[in-house]
Amino acid sequence: MLTGKKAVIFDMDGSLVDSMWIWPEVDRIYMEKYHLVQPDTFHKDIEGSSYTETAQYFVDTFPSLNRTVEQVMREWRDMTIQLYREKVFPKPGALDFLKTMNQRGILLGIATSNDREIAEAALNARGLAGYFQSVRTSCEVSAGKPAPDVYLKVAEDLHVAPEKCLVFEDVPNGIRAGKNAGMEVCAVDDEFSRPDEQEKMSLADYYIHDYYDIKNRTYLKCGSKRK
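Residues numbered from 1 in each chain as written. Predicted model: local features only at pLDDT ≥ 70, side-chain atom pairs only at ≥ 80, totals over all residues. Heavy atoms only, no water.

Counting its secondary structure elements, the protein contains 10 helices and 9 strands. The C-alpha atoms of the protein give a radius of gyration of 17 Å, which matches the 17 Å a tight globule of 227 residues would have. C-alpha extents for the protein along the principal axes are approximately 50 × 35 × 30 Å. The contacts of the protein with a sequence gap of at least 6 include a subset with a gap of at least 24, amounting to 66%. For the protein, the exposed area adds up to about 10500 Å²; of that, 49% sits on carbon and sulfur atoms. Measuring between centres, the 29 positive side-chain charges of the protein sit 7 Å from its 36 negative side-chain charges. (Helix = DSSP H or I, 4+ residues; strand = E, 2+ residues; numbered from the N terminus. Rg over C-alpha atoms; globule rule 2.2 N^0.38 Å. Contact = heavy atoms within 4.5 Å. Areas by Shrake-Rupley, 256 points an atom, 1.4 Å probe, with all protein chains shown as cover. Lys, Arg positive; Asp, Glu negative; His and termini not counted. Charge placed at Lys NZ, Arg CZ, Asp CG, Glu CD.)

Laid out in structure tokens, this is it:
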């Protein structure tokens with residue numbers, strides 16, 4: 001998996017840290033507060049979207065909300081930052097993997113669809129920020145996932161060619177973003193996206209249940225199934 005790689009780039013939520021549970025709860029509270037009804041296609045509609053794009057989706061989809069994109073984002077930040085600081089932890093084996101990559105001189109980056117303030121709160125709370133030479137959000141590029149922009153921006157920051165980068169992602173549109181960037185992608189198991197497991201395996205080059213799978217060489221090679 002790591003042969004020939006000079007950089008590893010992580011999506012954050014659901015890939016590096018166990019945090020996907022936060023957003024359904026935030027959505028539930030927020031929609032209840034403003035008496036909004038969630039569309040049947042809600043989760044697929046926003047999958048991979050940047051924080052700003054998701055806020056725009058709310059403004060466009062729920063005219064009764066009567067809020068600006070900036071107001072929506074600020075309210076979400078206020079609801080979530082403390083949760084990230086207190087209740088979000090790395091995925092099993094992730095910290096050991098970061099340490100190993102550091103020791104091997106592999107550059108590390110974050111390419112998240114989340115808000116920068118929230119991302120930094122999560123990384124700083126667990127002492128993870130120092131491992132990464134680049135942290136970028138989809139709000140800082142032209143388009144969110146599945147567009148490759150945020151992954152290409154991190155690779156540019158690290159001065160590493162895309163084909164020398166390995167991506168870790170937990171949802172189909174995130175995997176597509178990494179592949180669209182010309183990078184190999186390892187899908188990460190997460191409870192939130194488990195219903196999409198077969199789709200994730202069909203899109204990714206590798207699949208892990210946790211980061212110990214890499215150390216133990218028990219990860220699944222998926223790429224050969226697509227050839």
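Moving on to the environment of T68. As for its placement among the helices and strands, T68 is situated in the loop between helix 3 (51–61) and helix 4 (69–87). Along the primary structure T68 and D115 are separated by 47 residues, whereas in three dimensions their C-alpha atoms are 16 Å apart.

Our next topic: the sheet that holds strand 9 (residues 220–221). Taken together, the 7 strands give an open sheet; going across it, the order is 5-4-1-6-7-8-9, and neighbouring strands pair in mixed fashion. Because the sheet does not close on itself, it has two edges, and the strands there are strand 5 (134–137) and strand 9. As paired elements, strand 4 (residues 107–112) and strand 5 share 4 bridges and run parallel to each other. Looking at the pairing, A111 lines up with R136 of strand 5. Against the sheet, helix 6 (residues 116–125) contacts strand 4 and strand 5, and its axis sits at roughly 145° relative to strand 5. (Pairing = 2+ DSSP bridges. Axes fitted to C-alpha atoms, helices over the stretch in contact; angles between N-to-C directions.)

Let's shift gears to the pattern of salt bridges. Enumeration according to the criterion identifies 23 salt bridges in this entry. Here K5 makes a salt bridge to E184, at a shortest N to O gap of 2.9 Å. One end of the pair, K5, is in the segment before strand 1 (7–10); the other, E184, is in strand 7 (residues 184–188), and 179 residues separate them in sequence. Residue K5 is classed as buried on the basis of its relative accessible area, which comes to 11%. For E184, a relative accessible area of 26% puts it in the partly exposed group. Across the salt bridge formed by K44 and E47, the nearest N and O atoms sit 3.4 Å from each other. For E47, a relative accessible area of 12% puts it in the buried group. Each of K44, E47, R176, D196 and E199 takes part in one network of salt bridges that share partners. (Salt bridge = Lys/Arg side-chain N within 4 Å of Asp/Glu carboxyl O. Buried < 20%, exposed > 50% of the residue type's maximum accessible area, 1.4 Å probe, protein only.)

Think of a pair of aromatic rings as described by two things: how far the centres are apart, and how the planes are tilted against each other in angle. Within this structure, the stated rule accounts for 19 aromatic pairs. Considering the side-chain rings of F10 and Y211, the 6.2 Å spacing of their centres and the 50° angle between planes classify their relative orientation as tilted. Here F10 is found in strand 1, whereas its partner Y211 is found in the loop between strand 8 (206–208) and helix 10 (212–215), with 201 residues between them in sequence. On the basis of relative accessibility, which here comes to 1%, the residue F10 falls in the buried class. Overall, the relative accessible area of 2% leaves Y211 in the buried class. (Phe/Tyr/Trp six-rings, centres within 6.5 Å; stacked < 30°, edge-to-face > 60°.)

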